[in-house]
Amino acid sequence: MMRADHLLRRVAASLIVIAGVLTLTFVITRVLPSDPAQLIAGQRARPEQVAAIRSQLGLDRPLPEQFARYLAGLAHGDLGRSLVTKRRVAEDLGIFLPATLELVLCGFALALIVGIPAGILAGANERGAFDRVTGVAAILGAAAPVFALALLAQQVFFNQLHWLPLNGRLSAEVSLAHPVTFVTGFLLVDTALTGNWVAWRDAIGHLILPALVVAVYPLAIVLRMTRNSMVDVLHQPHITVARAKGLPERIILLRHALRNAILPVLTIAGLMFAYAITGALFVELLFRWPGVGKYVADAIVAKDFPPILAVTLVSTAIFVGVTFTLDMLRAALDPRVTR
């Protein structure tokens, strides 16, 4: 059973990480040589107009007071207002975040679904043909830049084979003929809930290429980690004893080896999920995917600080939440983790 002190330590560590990232990001956005008030007022605004907007936004107050006011708003769910879209940042995230999460979750799920079984087979057949082929593929996948993979995928599957669409989340003609009723913001979920199967199939087609690109690096790392972990476990004495007893190899792999081999994979999976989110930001720009990647890129160019802070906070919270869940799962599978 999981110890209460271990749970409390992990919760405290998670909150400290979120608070630290939020504080650092807030300070950086405030010390940069830029003036959001000037951006709102326009280049031709008079100094007194800029000063009035700066006072309205609270930018003329001391930095600790600005941070305290931001935290007070954050406690009430107020993430600020975007200077570019003129909407509340929370509303923008409700539009853009589901698109990014749908892309990341599909890509990460693909990495786990393919990487873990392939790693198990490679580890069970150490130095065999499958092990050598997957080893080379994993090295190439881990070394390939995201932008190069995206451009290659677009060239092959769109320009050459004409199998998949180039960019976007949905075709324009499908959007007009079969409009989507948004419920959750997740396109695959919403089209399925409303029975809009034409839009669902079109959304799948648009999702395949960017999800594959997002999945490549995590898949390569998960595959090699699973393979190496399986090799280490299969050389342990208890596996030798199980084989001496005449147990089938399938039972040995799935019941005795995988339980121990999967623990290091769960540890690295949290880091790979964080990378998938980061990698998705570049993929969104290359595939014109309407997610937080493009949203925050536009905010950075325009020095629009509220969206930058909000996206940083949400991304950190997601990463911390995933790693916390995986840590709890590791503790449940191996009580030694909590000691």
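Structure's up top.
The rules behind the values
- Residues numbered from 1 in each chain as written.
- Predicted model: local features only at pLDDT ≥ 70, side-chain atom pairs only at ≥ 80, totals over all residues.
- Heavy atoms only, no water.
- Helix = DSSP H or I, 4+ residues; strand = E, 2+ residues; numbered from the N terminus.
- Buried < 20%, exposed > 50% of the residue type's maximum accessible area, 1.4 Å probe, protein only.
- Core = buried A, V, L, I, M, F, W, Y, C linked by side-chain atoms within 4.5 Å.
- Contact = heavy atoms within 4.5 Å.
- Salt bridge = Lys/Arg side-chain N within 4 Å of Asp/Glu carboxyl O.
- Axes fitted to C-alpha atoms, helices over the stretch in contact; angles between N-to-C directions.
- Parallel < 35°, antiparallel > 145°, perpendicular 65-115°, else oblique.
- Nonpolar A, V, L, I, M, F, W, Y, C, P; charged D, E, K, R; others polar.

Caption draft 1: Representation of unusual backbone geometry in the model. One non-glycine residue, Arg127, adopts positive backbone phi at about 65°. Relative to the elements of secondary structure, Arg127 occurs in the loop between α5 (89-124) and α6 (129-143). You can call Arg127 exposed: its relative accessible area is 61%. Even without being a glycine, His162 presents a positive backbone phi close to 55°. Note that His162 resides in the loop between α7 (146-160) and α8 (172-177). Taking relative accessible area as the criterion, His162 reaches 60% and is therefore assigned exposed.

Caption draft 2: Structural view of the nonpolar core. Judged by nonpolar contacts, the single largest core of 36 residues is most densely connected at Leu103, Leu170, Val213 and Val283. If you tally residues by element for this core, the top one is helix α12 (residues 249-287), at twelve residues. In this structure, Val213 is in contact with Val146, Leu149, Ala150, Ala153, Val283 and Phe287, ignoring residues within four places of it in sequence. Listed in part, the 19 residues of the second largest apolar core include Leu79, Leu97, Tyr295 and Ile308.

Caption draft 3: Quick look at the side chain of Thr100. Residue placement: Thr100 occurs in helix α5. If we skip the residues at most four places from it in the chain, Thr100 touches Glu284, Trp289, Gly291, Val292 and Gly293.

Caption draft 4: Spatial organisation of the side chain of Ser14. Along the chain, the position of Ser14 falls in helix α1 (residues 4-31). For Ser14, a relative accessible area of 9% translates into the label buried. Excluding its chain neighbours within four sequence positions, the residues that come into contact with Ser14 are Val320 and Phe324.

Caption draft 5: Layout of the pattern of salt bridges. One pass over the full model with this rule turns up six salt bridges. Lys294 is paired through a salt bridge with Asp298; the nearest N and O atoms lie 3.1 Å apart. In this pair, Lys294 and Asp298 both sit in helix α13 (residues 292-302), four residues apart, roughly one turn of the helix. Relative accessible area serves as the criterion here: at 37%, Asp298 is assigned to the partly exposed category. Each of Asp131, Arg224 and Arg227 takes part in salt bridges that share partners, so that together they form one network.

Caption draft 6: Looking closely at the environment of Ile277. In this structure, Ile277 sits in helix α12. Here Ile277 falls in the buried class, since its relative accessible area comes to 10%. Sequence-wise, Ile277 and Gly293 are 16 residues apart; in three dimensions their C-alpha atoms are separated by 9.2 Å. Excluding residues within four positions of it along the chain, Ile277 makes contact with Val104, Ser315 and Ile318.

Caption draft 7: Representation of the packing of α5 against α13 within the structure. Viewed as axis vectors pointing N to C, α5 and α13 meet at an angle of 135°, and their least axial separation amounts to 8 Å. Our classification of the angle between α5 and α13 gives oblique. Contacts between α5 and α13 pair Val89, Asp92, Leu93, Phe96, Leu97 and Thr100 from the former with Val292, Gly293 and Tyr295 from the latter. A breakdown of the residues in the contact of α5 with α13 according to their chemical character gives six nonpolar, two polar and one charged.

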